[in-house]
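Examining the three-dimensional arrangement
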Amino acid sequence: MAFEAGAAVGAREGGVRFPFPFAPYRIQEEFMAALYRALEAGGVGIFESPTGTGKSLSLICGALTWLRDYEERKLQDEARLLQEPEQRDRESSLGGAPDPASGEPAWVAQFVQGKAARDQADRAKEEQIKRKKREERLEKIRHNVQLKYASKRKKCEDDETERLLQLSKEILSKEAGSDVLEQLDHNEEELILAEYESDEEKKVGAGRTHSQLSQFVHEVQKSPFGKETRLVSLGSRQNLCVNEEVRHLGAIQLINDRCMEMQKNKHEKKNEGEETVGKRRRVSRAVCPFYSYEQMQFLRDEVLVDVKDIEQLVTLGKKTKACPYYGSRYAIPAAQLVVLPYQMLLHESTRNASGIKLKDQVVIIDEAHNLIDTITCIYSAEVSGSQLCCAYSQLLQYMERYRKRLKAKNLMYIKQILYLLERFVSVLGGNVNQNPNTQSISQAGTELKSINDFLFQSQIDNINLFKVQRYCEKSLISRKLFGFVERYGAPSTVKTNKENQKTTGLQNFLLTLQQEPEKEDPETDQLKMASPLMHIEGFLSALTNANQDGRVILNRQGTISQSRLKFLLLNPAVHFAEVVKECRAVIIAGGTMQPVADFREQLLSCAGMAADRVVEFSCGHVIPPENILPIILCSGPSNQQLEFIYQKRDQPQMMDEAGRILCNLCNVVPGGVVCFFPSYEYEKQVYTHWEGTGLLTRLATKKKIFQEPKRSNQVEQVLAEYAKCIKRCSQAGGHMTGALLFSVVGGKMSEGINFSDDLGRCVVMVGMPYPNIKSPELQEKMAWLDKNMPKTAGQAPSRVLTENLCMKAVNQSIGRAIRHQKDFASILLLDHRYAHPAVFNKLPQWIKERTLIKIGFGQAFAELRKFHREKSCYRPASS
């Protein structure tokens, strides 16, 4: 089932009017109408709307219109439910003839039949009371009315805290560990959430990055729903923490661990000047001042009153002295729209920990073109030999220190984990009792194993990994281990009186583990300080996947420290199936979703979604057809056929031909030209070749040349200089007409960067960025697809996969130039293979229908010169 973009819908569709901040484009009306129908029908929708067509605003207005109508219908049903029991009671009070079947009076039969309806009405009444209380409270906050019972609630909080402290003191005197403290924290969450608990339908919106989510929230604020929508923005502690003592740690794992440690300290008795005995350090009792019961309630209320993005949440948290991370989570039950990174949505453990319940909810995943890769990465796991050895050493000393205080069951699981770590190091060819930095590996290389084969080879097939995983989750052993190291210092200083002689050699070994190479980044240093057992828990969890759904990669390098174990997920559908199963509807949206066959076959079909419950919608662009000129160029100025396959692209004549094409382009294209290469290595190789031939100097006479940096923190600076150069050339005139930017497909500038107006008057794609088919991961994925998927149009699934990966990357890159209705640009695809039907049909529809295929360069150059000459009379100012 598919909704065609050409359907006549207008501003109304089936009596539905879509509020919009301005007169919507035709395609926006069609998009919203198709979205409304998809949400009403349920199931899964795949929606594509090119960048620059107002996709996010259309998603917001279409979905929130449906949510508004749904809530109105729910209120009507609720009112009817509340009236029916009263009417039924009046009828039953009149009595009636006995039931001929049972011989009972009619009122008895009616009572039995109406019990379910009365129960339902009672639930509706309870929900109505909760909703009215919430609305009254939020209304008071909107009008700055003094909240009632604040002092009473504060007193209740103090009493509850005292009770928890007393309880923790009693239990800690009997048992070791912090399980109870973690449970107390969880109970406090339940107390706070109870006031706003609700079963209302929600819309969960997920995006890829922090900046994209902020843009999405700003679109909600601009929409007609901006003042009436209860929206909650979720993020990681790294983005939301306002405690400078914790924020300065930098690495997210360290921030998480420190946050949990400070929560536990809140419930421990604080003795001023307390010091430990002997050589032990002073025990840290720092408590987070922002983790306040009352203040987080206020922050929760403020979050629900007005739409706020992550930055505004952080500002509010600093102002109210409340934790935005927990305060925003407490607002989830009462929210209508929850906005979060889709890694948080798709990872089950993270989702559950965040309090996200998907049952009967609507999920919209924006910027979903990389959804399959994201799920694969989330559920894949990798650990290094250094992490395995370090975790073994830490856990061993933890066990030795608390052996007499640990229960037999806990001691058994810790010994099992130690055995697992020992076997993992052994399968890499090392020994946990030796320095991983000096243990050389005799046979380096990469080996792939099925899950079962790996378990047998490691000799751990007799251990129940599911039970070990549950123990890790419930006991929080990795966090305890981190706290153990934090409290008592580095493992090399941890000694018990009876074990001094035994652990001296081990401590010297641990000292060598702490010596980091000079080339490591500061963030990497911080991560290695944290408990490595957290990474290993992820690997253990990955090993519980079905044997056919994943592979284990043993990557043996020079030393054990450099060697790695990696789990590769082959079937992402098994984890996406839970989302599809629980939700009322799932919308997968993006600016460039083509080709969509991957979503249908690898994700939805394998997840058990029936084909008739999947809706596809794709709309055109808002720009006029004459504002874009896509050309597939088959040969260059010297009639050299353009075929940048791996075997030919290094040839000097092929690189020279690409350079001649760029030189001619820079003579006729004003403003900015963005040239994409398949990889950083090839871009560097071509750049070096052009330097040697003098071609780079010829290019520099017309355009100032910029290169995409490899480091993310340098991207903004390069883009700013690139934009300034184009603006300066446009204003000054002369021989220099703009700038030329060398970028890489899949790099920092191929996604999320806008080359609007003069920043991108022409986009050039050199060759086809096929993935490296020699990669062990890709080879295993291809083999899995060939085994489990049917052929498509006579092509093997593995071949279709590589083409789809290539064209998704191409489509993302070439869509960077057109950003609004009055924008214009040319697109040049340098490779004759783009003209092959199987490849050509995977271009976005709005580009494909306007693409010209030119065999010779002369015809293509004439079209380009004509296009830019006609458009030069109208050139919107650069961004």
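Structure: see above.
One structure accompanies this document, and this report is about it.

Criteria and cut-off values
- Residues numbered from 1 in each chain as written.
- Predicted model: local features only at pLDDT ≥ 70, side-chain atom pairs only at ≥ 80, totals over all residues.
- Heavy atoms only, no water.
- Patch = residues over 30% accessible without salt bridge, like charges linked within 9 Å, V, L, I, M, F, W, Y side chains within 5 Å.
- Areas by Shrake-Rupley, 256 points an atom, 1.4 Å probe, with all protein chains shown as cover.
- Salt bridge = Lys/Arg side-chain N within 4 Å of Asp/Glu carboxyl O.
- Lys, Arg positive; Asp, Glu negative; His and termini not counted.
- Charge placed at Lys NZ, Arg CZ, Asp CG, Glu CD.
- Helix = DSSP H or I, 4+ residues; strand = E, 2+ residues; numbered from the N terminus.
- Buried < 20%, exposed > 50% of the residue type's maximum accessible area, 1.4 Å probe, protein only.
- Contact = heavy atoms within 4.5 Å.
- Phe/Tyr/Trp six-rings, centres within 6.5 Å; stacked < 30°, edge-to-face > 60°.
- Lys NZ or Arg CZ within 6 Å of the ring centre and 35° of its normal.

1. Some details on a positive patch on the surface
Taken together, Lys409, Lys467, Arg470 and Lys474 make up a surface patch of like positive charges. If you tally residues by element for the positive patch, the top one is helix α20 (residues 465-475), at three residues.

2. Notes on the environment of His735
Inspection of the secondary structure puts His735 in the loop between α30 (715-732) and β17 (738-744). A relative accessible area of 68% places His735 in the exposed class. A C-alpha to C-alpha distance of 7.2 Å links His735 and Thr701, two positions 34 residues apart in sequence. When residues no more than four places from it in sequence are discounted, the contact partners of His735 are Thr701 and Lys702.

3. With respect to the packing of aromatic side chains
Taken as a whole and judged by the stated rule, the model has 23 aromatic pairs. Arranged with centres 6.1 Å apart and planes meeting at 85°, the rings of Tyr687 and Phe742 form a pair that is edge-to-face. With Tyr687 in helix α28 (residues 680-693) and Phe742 in strand β17, this residue pair connects regions lying 55 residues apart in the sequence. The residues Tyr687 and Phe742 share a single accessibility class, namely buried. Pairing Phe706 with Tyr722 gives two aromatic rings, centres 5.8 Å apart and planes at 90°, and the pair type is edge-to-face. Of the two residues, Phe706 sits in strand β16 (residues 703-707) while Tyr722 sits in helix α30, which places them 16 residues apart along the sequence. For the pair formed by Phe706 and Tyr722, the shared burial category is buried. One aromatic cluster is present, built from ring pairs that chain together Phe677, Tyr682, Tyr687, Trp690 and Phe742. Note that Arg329 overlies the ring of Tyr325, its terminal NZ or CZ placed 3.8 Å from the centroid.

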